[in-house]
Each structure stands twice: as structure tokens, then as C-alpha cells.
Amino acid sequence: MTEQSVQLSKSDKEKKEGRKRKSGDEESGHPRISKKEAKKQRNEKCKEAMVSGQRICIDLSFEDTMSEKELRRLSLQLSRVYGANRQYIEPAHIYFSSFNKDGPLYKECVKKHDGFQNYKVEMTEKGPENLFPKADIVYLTPDSPNVLDSVSKDKVYIIGGLVDETINKNITSAKAEKEGLKTAHLPIDEHLKKGLHGTFKKILTVNQVFEILMMFGETGDWTEALTGGIPKRTGYGAKTSNSR
């Protein structure tokens, strides 16, 4: 999915953070643990997620189609995906697929993000079509005719790792079609409505799509997940107070 740059306000960020679960010690009313211990616990949860977590894969096979500027933005989005994942009580099992460690994107990630090579993420040069059974794959693309109704642990959700300032359509859907993969788009029109003002664009960053999937996994509520993940400047808002 391509990028529409956005700066969330402080209140927006606080609202999003409120949807993420605190550590077990904080939830149970125990004294607040040290930052070192909290970091250790987050690392352990991410390790566990690499065995049993919801599978979410970022397909990085579009590297050759992007400019240096677009690659820099994608690098930042990948870092944000990892940072967000560490905050959830049930982190996802993240894959960075079709990832060439000799390519400019990997070098940019290592250069700009300390410890990138040690992220609790499966980084592989294999494409998603070679990593998972095709029956398990749902490739998320805004150009799909199919609506994503639910998120299942039995499925692996593929997010196209693409920042495209020219907004070329059908790049990710063409990749999925070529590989014979099932596709779906987020249910934005089904749960949100247009307000009076906004860009009304459905082009989301990689980390925004990731967080929408994670929030839905926690809440089971598409309206809450979508309003929490889609920038307010787009002008989209909830159709109803409860759209479970």
C-alpha cells in the first residue's frame, strides 16, 4: 500500500496509545516495573510471538520501483511497525519478505534505525508465495474487489511494502494476481462515512495498515480499529457508535 504522509496530533497519539495494552504488572495493580525490566518483557513477548503470534508479512519485493526518498520513508514505516508491535500485549509474528540484505532498503534501515538487524522479525529473501501455503495467504490491497471481514490466526496477512508518491494503482494487486493469491481490502466504506471536509483518500502507510489489523485483533471492532488507524485529515468517521 502506498503512503499519504500524516502528522497525528498529540491527542490522536494519546488515543491510539490508550488502545494498546499495558504490561501485566501494570494491569494487575503491582508497582510499576523498571524500564529495563519492561524492555525485557517486551522482548520475551516478541520472541513468543515468533512462534504463536498472528502472522503479518510485509512484502518488500517492490524495492526497484521506488526512489531513494520513497525508500527512506518505507524504512521509517518498517521501524514504526516494529515499535508498535512491541507495545501490544499479544504482538504479531512479523515477516519482512523479499528482503534483499544487499539492497538499498536494508542498508537504509540499518543506517537509520539502531539495532535494526536485531529486530524480533523474520527477515527473508523469500517471497510470501514461497513462505506460506497459498491457501493461508490474504494479500491486502486497496484495489481488491473483496472485503476483509475478519482476521484469523489461521491466515497470514500480506501488506505491500510500497511507498509510491505517484500513486500508481494495481501494483500490489497485480503482484497478488500473478502469484494466484487471494486478496482483500480493509472495510473502510462498510464502517466509516465521509465527513464534511477531508482528503477522503484511502491510501495508508504500511504501519497504519499494520496497526488497524492489530487493533481489530484486540477489539474485534472494525469501527474502532479503522478510526484509530486512519488519519483524521482524511475526513472519515464512524457510521455508528458500535459497528461490531
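Scroll up for the structure.
Residues numbered from 1 in each chain as written. Predicted model: local features only at pLDDT ≥ 70, side-chain atom pairs only at ≥ 80, totals over all residues. Heavy atoms only, no water.

**Q** Could you give me a rundown of helix 4 (residues 68-85), with the residues and numbers involved?
**A** At 3.6 residues per turn, the α-helix brings residues three or four places apart onto the same side. When the terminal C-alpha atoms of helix 4 are compared, their 26 Å separation across 18 residues agrees well with the 26 Å that a helix rising 1.5 Å per residue should span. Residues of helix 4 that are buried: E70, L71, L74, S75, Q77, L78, S79, V81, Y82, A84 and N85. Buried residues belonging to helix 4 abut helix 3 (35-52), strand 1 (55-59), strand 2 (93-97), helix 5 (104-112) and helix 9 (206-219). (Helix = DSSP H or I, 4+ residues; strand = E, 2+ residues; numbered from the N terminus. Expected span 1.5 Å × (residues − 1). Buried < 20%, exposed > 50% of the residue type's maximum accessible area, 1.4 Å probe, protein only. Contact = heavy atoms within 4.5 Å.)

**Q** Account for the packing of helix 4 against helix 5, naming residues and giving values.
**A** Each pair of packed helices can be summarised by the angle the axes make with each other and by the distance between the axes. One way to put it is that helix 4 packs onto helix 5 with a least axis distance of 9 Å and a crossing angle of 60 degrees. As summarised for this structure, helix 4 and helix 5 are arranged oblique, according to the angle between their axes. When the axes of helix 4 and helix 5 are compared, the crossing they make is right-handed. Side by side, helix 4 and helix 5 meet where L71, R72, L74, S75 and L78 of the first sit next to P104, L105, E108, C109 and K112 of the second. Its residues placed into classes, the contact of helix 4 with helix 5 shows six nonpolar, one polar and three charged. (Axes fitted to C-alpha atoms, helices over the stretch in contact; angles between N-to-C directions. Parallel < 35°, antiparallel > 145°, perpendicular 65-115°, else oblique. Left-handed = near helix turned anticlockwise from the far one by under 90°. Nonpolar A, V, L, I, M, F, W, Y, C, P; charged D, E, K, R; others polar.)

**Q** Could you give me a rundown of the nonpolar core, with the residues and numbers involved?
**A** The biggest cluster of nonpolar side chains holds 57 residues, and the ones touching the most others in it are F96, F99, L140, L148, I159, L186 and F210. Mapped onto this core, the elements with two or more residues apiece are strand 1, helix 4, strand 2, helix 5, strand 4 (137-140), strand 5 (156-160), helix 9 and helix 10 (222-229). The element that contributes the greatest number of residues to this core is helix 9, accounting for eight residues. The residues touching F210, leaving out its near neighbours within four places in the chain, are I56, V81, A84, N85, A92, I94 and I159. (Core = buried A, V, L, I, M, F, W, Y, C linked by side-chain atoms within 4.5 Å.)

**Q** Mind laying out the pattern of salt bridges, listing which residues take part and the relevant values?
**A** If you walk through the whole model with that rule in mind, you get five salt bridges. Of the charged contacts, one joins K202 and D189 as a salt bridge, the two residues approaching to 2.7 Å between their closest N and O atoms. Remark: D189 occurs in helix 8 (residues 188-191) and K202 occurs in the loop between strand 7 (192-194) and helix 9; sequence separation between them is 13 residues. A residue is classified by how much of its surface remains accessible, and K202, at 33% relative accessible area, is partly exposed. Classification of D189 as partly exposed rests on a relative accessible area of 41%. (Salt bridge = Lys/Arg side-chain N within 4 Å of Asp/Glu carboxyl O.)

**Q** Can you lay out helix 10 for me, pointing to particular residues and giving the numbers?
**A** When you tally the buried positions in helix 10, you get six out of eight residues, the bulk of the element. Among the residues of helix 10, W222, T223, A225, L226, G228 and G229 are the ones counted as buried. Its side-chain oxygen 2.9 Å from the backbone nitrogen of T223, D221 forms the N-cap of helix 10. (Polar contact = N/O pair within 3.5 Å; in protein donor to acceptor, adjacent residues only side chain to side chain.)

**Q** Which residues make up the pairing of strand 1, and what values go with them?
**A** Among the five residues in strand 1, five count as buried, and that is most of the element. Here strand 1 shows two buried faces, one formed by R55, C57 and D59 and the other by I56 and I58. Strand direction decides the pairing type here: strand 1 and strand 2, joined by five bridges, are parallel. Bridging across to strand 2, I56 finds its partner in I94. Read from strand 1 through helix 4 to strand 2, the crossover connection turns out right-handed. When strand 1 meets strand 5, the two strands line up parallel, connected through five bridges. (Pairing = 2+ DSSP bridges. Right-handed = clockwise from strand over helix to strand, strands pointing away.)

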